[in-house]
Amino acid sequence: MTIKVISPGLATTVQDLGRPGYYHLGIPLSGGMDRFSLQAANLLVGNEPGAAVLEAVFMGPDLEFTQDATVAVAGAELPPKLDGEPRKTWSSFAVKKGQVLSFDFLKEGARAYIAISGGVDVPVVLGSRSTYPLGALGGHQGRALQKDDELPLGGGAGPGDGRAVPAGLQRMPGNPAELRVLPGLYWHRLTEVSGKNFFSDTWKVAPEADRIGYRFRGGRKLDFVEREQPFGAGSDPSNIVDACYPYGSIQVPGGTEPIVLHRDAVSGGGYFMLGTVISADMDLIGQLQPHMPAKFVEVDMEGALAARKERHLLLDNIAAALA
Amino acid sequence: MKTRYTFGGDEHIFVEVDEEMSLEAFFKSLSMTSAVRDSAIKGVTEICPANASLQIKFNPDEISPEDMLAELKSLESAAESGDNTLQTRIMEVPVYYQDPWTHETLMRFRERHQDPNSSDIEYAARINDFGSVDEFIAAHSGAPWFVSMVGFVAGLPFLYQMVDRPRQIEVPKYLSPRTDTPKLTVGYGGCFSCIYSVRGAGGYQMFGVTPMPIYDPNQEIPYLQDFMCLFKPGDIVKFKPINRDAYDQAVEDVDAGKFQPLMRDVSFSLGDFGADIDGYNSKLQEVLYDN
């Protein structure tokens, strides 16, 4: 009832929908960066949508199965191969005991979600199987997979070949990626011109982009409204008295490179934030490769809630199509 | 103090109690978070107090952002008129100041520091007008500290010293963050001390190291078996300077599962504290040391 890791890929981790309730102690939500694709992959193999899967970034692992199972890969276009034979993404396929799942080179996106019937059955820690590597918590021994690891499976052969998510129900970022932002938090620290520039400039994903946060560069430097810094805030105009950071919040240390915090966010710190990427678009960030262009698009709360509803509806439609 | 409410996307409300740090702002943030917890508002998924602010995460499918905002605002006046007392704990944290490990690390990152020619603690002592590093250590370990926030990474406490503002130590963060900080480093940035719970990046000045683990995801350390993080917002901490021998002994005790932090339950009154800060701090230490 296991899979053997023959080669681990770049930073493959066990993830589910995360670990809410401990952010006040600095333990972040974690879970799949692209939760939409994670849930779609689970639905394809007949799992609960929030079952634990493998999140592979940029490069896939090689996995040997010790039992029959159904597998689906959703999210990034990281084409799967079974004993060297190509299989489709966003589709389920049967795997026989002894077969090896491997992957071709990445074609599009950044993170592939590998769902296996029965789910990856690592221990539940604080309510979740997700890996939080910085805190050595959860997942498989609190870390990314390594060669020769053996992962327990929940079991079951699953529904087998032939279930697919139609192209119209898949969701991936465009080019440039458009990330919708609700301005707020410390937006008032920016000059009016800098606020306009932030939304009109085209940014590029920086190489420093991981589960904690995505850094962007290439836009104009942001200027701050002059003030005497409050006691305890620190001397740089981008500093505030250390505070909580929302998931998706956009901090800009020194006014130069925006950082969007993601599922393994640092829970707080001393940099001002200009707003927050809306919940519906957090998935898209997980599919951005370094150097990819991106635009931040201003929305209001109504727009954010409408986008949230639309994303829910898309997932409902996938569930209905596979029911 | 002027409280400001703002949305962090469609899932968070961020409440800035005050722009600047003070014990009053911290107490109000703590009272508001307790009030949110007690009122069990539906849809709330995270309740996070910070130094002079707080943050609530909620599920907008269960409660609309506007309704959530109205609920929070209705709790503010009650939190303000609270009696400003706290049932909490005081604990001793031994610190080996100027230890070789943080020293080795700070020497590796000298080009990111304001003053490449002195150590972090020499620099902090000088810009805060202390005559010597020893005087600085006496101030840092003299008056106790409030854990005013837990976060950044798992279990990391931010600490605010319980002295009046003229005696607050203030130190800038590194010019650009280090990529490495030893585990259990006692650091300083702005007006906050901190203890790094895990090894990793950091921008705070480094003064020393504690032998006392504060985070254990495997929960093998006896006093972390109830929960993997030691600190909670509202805990009171007293630093105690120790030398190399005492540090080595403590590490040996930790490894043998014999180390127990010195810890006592205590009641704290902001009013009484404000009336006589030094006298009140002495009383807190009497509780800690059973005098």
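Predicted model only: the values in this text are computed from it and were never measured.

Draft legend 1. Region of interest: the overall build of chain A. The helix and strand inventory of chain A stands at four helices and 20 strands. Scaling as 2.2 N^0.38, a compact globule of 323 residues should have a C-alpha radius of gyration of about 20 Å, and chain A matches this with 20 Å. Overall, chain A is about 65 × 40 × 30 Å in size when its C-alpha atoms are taken along their principal axes. By residue count, 59% of the 323 residues in chain A fall in the buried class. Look at the contacts in chain A between residues 6 or more apart in sequence, and 75% of them connect residues 24 or more apart. Total accessible area computed for chain A in this model is approximately 11600 Å², and 53% of it derives from carbon and sulfur atoms. Considering chain A, the positive charge centre built from 30 side chains and the negative charge centre built from 36 side chains are found 1 Å apart.

Draft legend 2. The arrangement of the overall build of chain B in detail. Along the backbone of chain B there are eight helices and twelve strands. Taking 19 Å as the expected radius of gyration for a compact globule of 291 residues, we find that chain B reaches 20 Å, a close match to that expectation. Each principal axis of the C-alpha distribution contributes one length, and for chain B these read about 55 × 45 × 40 Å. If you take every contact in chain B between residues at least 6 apart in sequence, the share linking residues at least 24 apart comes to 64%. With the model as given, the accessible surface of chain B reaches about 11600 Å², and the carbon-plus-sulfur share is 47%. Taking the average location of the 25 positive side-chain charges in chain B and that of its 45 negative ones, the two points are 2 Å from each other.

Draft legend 3. Focus on the pairing of strand β15 (residues 239–244) of chain A. All names here are of chain A. Summarising burial for β15: six of the six residues are buried, a large majority. Relative to strand β18 (residues 268–271), β15 runs antiparallel, the two being bridged by three bridges. The partner of C244 across the bridge, within β18, is G268.

Draft legend 4. Inspection of the domain arrangement of chain A at higher detail. Residue and element names in this part refer to chain A. In terms of domains, chain A is made up of domain 1 (2–165) and domain 2 (177–313). When each unit is reduced to the centre of its C-alpha atoms, the spacing between domain 1 and domain 2 is 29 Å. If you look at the interface, domain 1 gives 28 residues, while domain 2 gives 20 residues. In terms of surface lost to domain 2, no three residues of domain 1 exceed Y23, M33 and R111, which account for 37% of the buried area on that side. Our enumeration of links across domain 1 and domain 2 arrives at 16 residue pairs in polar contact (both at pLDDT 80 or more). Secondary-structure elements contributing two or more residues to the side of domain 1 that touches domain 2 are α1 (35–44), β5 (69–77) and β10 (108–116). Here the element with the most residues in the side of domain 1 that touches domain 2 is β10; it accounts for five residues. In terms of residue class, the side of domain 1 that touches domain 2 is made up of 13 nonpolar, ten polar and five charged.

Draft legend 5. Structural view of helix α3 (residues 100–108) of chain B. Residues and elements named next belong to chain B. Listed as buried for α3 are T102, T105 and L106. Looking straight down α3, one finds its buried side chains confined to an arc of 95 degrees; they lie on one side. Where α3 is buried, its residues touch α4 (120–127), β8 (185–189) and β10 (205–209). Looking at where α3 begins, the residue whose side-chain oxygen comes 2.9 Å from the main-chain nitrogen of W101 is D99.

Draft legend 6. Quick look at empty space enclosed by the protein. By the definition in use, this model includes two cavities of 30 Å³ or more. A volume near 90 Å³ is recorded for the largest cavity. Along its surface, the largest cavity is lined by 13 residues, and A:Y186, A:I240, A:V241, B:E16 and B:E19 are the ones closest to its centre. Counting residues per element, the lining of the largest cavity draws most heavily on β15(A), at four residues. Per-class residue counts for the lining of the largest cavity are seven nonpolar, one polar and five charged. Residue lining of the second largest cavity: A:Y23, A:H24, A:C244, A:S267, B:C48, B:P49, B:M149 and B:V150, and that is the complete set. At the level of elements, β3 (44–49) and β6 (145–150) of chain B are the ones that each hand at least two residues to the lining of the second largest cavity.

Draft legend 7. Representation of the nonpolar core in the model. One finds A:F216, A:F296, B:F231, B:F239 and B:F268 to be the most contacted residues of the largest nonpolar core, which totals 170 residues. The leading source of residues in this core is helix α1 (residues 23–39) of chain B, at eight residues. Look past the residues within four positions of B:F239 in its chain and what remains in contact with it is B:V93, B:V95, B:Y97, B:H140, B:S141, B:W145, B:L159, B:V186, B:S193 and B:I195. Counting residues in each nonpolar core, the second largest holds 26 residues, with A:A56, A:V71, A:F93 and A:F103 among its members.

Draft legend 8. Structural context of the sheet that holds strand β4 (residues 62–65) of chain A. Residue and element names in this part refer to chain A. Taken together, the six strands give an open sheet; going across it, the order is β7-β6-β9-β4-β1-β11, and neighbouring strands pair in antiparallel fashion. Unpaired on one side and paired on the other, β7 (85–86) and β11 (150–152) mark the two borders of the sheet. Of the strand pairs in this sheet, β4 and strand β9 (residues 100–103) are connected by two bridges, and their pairing is antiparallel. From the neighbouring strand, E64 faces β9, where its bridge partner is V100.

Draft legend 9. Examining the side chain of B:S53 more closely. When you line up the elements, B:S53 lands in strand β4 (residues 53–58). With near-sequence residues (within four places) excluded, B:S53 lies in contact with A:A243, A:C244, B:F14, B:V15, B:E16, B:V17 and B:S29.

Draft legend 10. A look at the packing of aromatic side chains. Within this structure, the stated rule accounts for 30 aromatic pairs over all chains. With a centroid separation of 5.6 Å and 35 degrees between ring planes, the pair formed by B:F27 and B:F268 is classed as tilted. Placement of the pair is B:F27 in helix α1 and B:F268 in strand β12 (residues 263–269), with a sequence separation of 241 residues. Per residue, the accessibility class of B:F27 equals that of B:F268, and both read buried. Members of the aromatic cluster, connected to one another through ring pairs, are A:W187, A:F198, A:F199, A:W203, A:F216 and A:F296. When the ring centre of B:Y174 is taken as origin, the NZ or CZ atom of B:R178, which lies over that ring, is 4.5 Å away.

Draft legend 11. Expanded view of the packing of α1(A) against helix α4 (residues 301–322) of chain A. Residue and element names in this part refer to chain A. Contact geometry for α1 and α4: axes closest at 10 Å, N-to-C directions at 10 degrees. In this view, α1 runs roughly parallel relative to α4, as classed from their interaxial angle. Taken as a pair, α1 and α4 cross one another with a handedness that is right-handed. Contacts between α1 and α4 involve R35, F36, Q39, A40, L43 and L44 from the former and R311, L314, L315, I318, A319 and L322 from the latter.

What counts and how
- Residues numbered from 1 in each chain as written.
- Chains lettered and ligands numbered in written order.
- Predicted model: local features only at pLDDT ≥ 70, side-chain atom pairs only at ≥ 80, totals over all residues.
- Heavy atoms only, no water.
- Helix = DSSP H or I, 4+ residues; strand = E, 2+ residues; numbered from the N terminus.
- Rg over C-alpha atoms; globule rule 2.2 N^0.38 Å.
- Buried < 20%, exposed > 50% of the residue type's maximum accessible area, 1.4 Å probe, protein only.
- Contact = heavy atoms within 4.5 Å.
- Areas by Shrake-Rupley, 256 points an atom, 1.4 Å probe, with all protein chains shown as cover.
- Lys, Arg positive; Asp, Glu negative; His and termini not counted.
- Charge placed at Lys NZ, Arg CZ, Asp CG, Glu CD.
- Pairing = 2+ DSSP bridges.
- Domains from an automatic or database assignment.
- Buried area = accessible area lost by both parts, 1.4 Å probe.
- Polar contact = N/O pair within 3.5 Å; in protein donor to acceptor, adjacent residues only side chain to side chain.
- Nonpolar A, V, L, I, M, F, W, Y, C, P; charged D, E, K, R; others polar.
- Arc of directions from axis to C-beta.
- 1 Å grid on protein atoms, 1.4 Å probe; cavity = no way out; pocket = protein on both sides within 12 Å on 5 of 7 lines; lining within 4 Å.
- Points joined across faces, edges and corners; volume = space filled by probe spheres on them.
- Core = buried A, V, L, I, M, F, W, Y, C linked by side-chain atoms within 4.5 Å.
- Phe/Tyr/Trp six-rings, centres within 6.5 Å; stacked < 30°, edge-to-face > 60°.
- Lys NZ or Arg CZ within 6 Å of the ring centre and 35° of its normal.
- Axes fitted to C-alpha atoms, helices over the stretch in contact; angles between N-to-C directions.
- Parallel < 35°, antiparallel > 145°, perpendicular 65-115°, else oblique.
- Left-handed = near helix turned anticlockwise from the far one by under 90°.

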